[in-house]
Amino acid sequence: PFYGLSLGDFDDKTGGIMVECSARVVAHVNTKNRLGKVDGRFSHWVAPYDATTKDRYSLIFYQTMGKYQKTESAIFDPNFKTDSSCC
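Residues numbered from 1 in each chain as written. Predicted model: local features only at pLDDT ≥ 70, side-chain atom pairs only at ≥ 80, totals over all residues. Heavy atoms only, no water.

Draft legend 1. Quick look at the packing of aromatic side chains. Within the structure shown, the criterion is met by two aromatic pairs. Ring geometry for F2 versus Y62: centroids 5.6 Å apart, planes at 50 degrees, classification tilted. One end of the pair, F2, is in strand β1 (residues 2–8); the other, Y62, is in strand β6 (residues 56–62), with 60 residues separating them in the sequence. Note on F2: relative accessible area 3%, which makes it buried. Assessed through its relative accessible area of 59%, Y62 is described here as exposed. For K32, the ring lying beneath its charged end belongs to F10, and the centroid distance is 4.8 Å. For the cation-ring pair, K37 lies above F76, with the distance from its terminal atom to the ring centre recorded as 4.6 Å. (Phe/Tyr/Trp six-rings, centres within 6.5 Å; stacked < 30°, edge-to-face > 60°. Helix = DSSP H or I, 4+ residues; strand = E, 2+ residues; numbered from the N terminus. Buried < 20%, exposed > 50% of the residue type's maximum accessible area, 1.4 Å probe, protein only. Lys NZ or Arg CZ within 6 Å of the ring centre and 35° of its normal.)

Draft legend 2. Region of interest: the pairing of strand β4 (residues 35–38). Burial along β4 is one-sided: the face carrying G36 and V38 is buried and the face carrying L35 and K37 is not. The pairing of β1 with β4 spans four bridges and is antiparallel. Within β4, the position partnered with F2 by the bridge is V38. (Pairing = 2+ DSSP bridges.)

Draft legend 3. A look at the sheet that holds strand β5 (residues 44–46). With respect to topology, three strands assemble into an open sheet ordered β3-β2-β5, the strand pairing being antiparallel. Unpaired on one side and paired on the other, β3 (26–29) and β5 mark the two borders of the sheet. Across the sheet, the axes of successive neighbouring strands diverge by a mean angle of 25 degrees, strand direction being ignored. Relative to β5, strand β2 (residues 17–20) runs antiparallel, the two sharing three bridges. (Axes fitted to C-alpha atoms, helices over the stretch in contact; angles between N-to-C directions.)

The following block contains the structure:
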């Protein structure tokens, strides 16, 4: 898993982390001015944002040592509804 934080003047609800939870489901994790926790072993990428006129910077914190964590969920959000929308 990793924690991602994005900073800059890009618009809210853009430029977050997109994570492929399954073959047909992609979750958007908002990381603007906040930490989002994602399992980087799932396919992931940066959501679109206006890169021509806006700035976006990322800080990514990886766990590189310690106990191995089993793959369970693509995202870690206690408020995320797990009906058919993701994971």
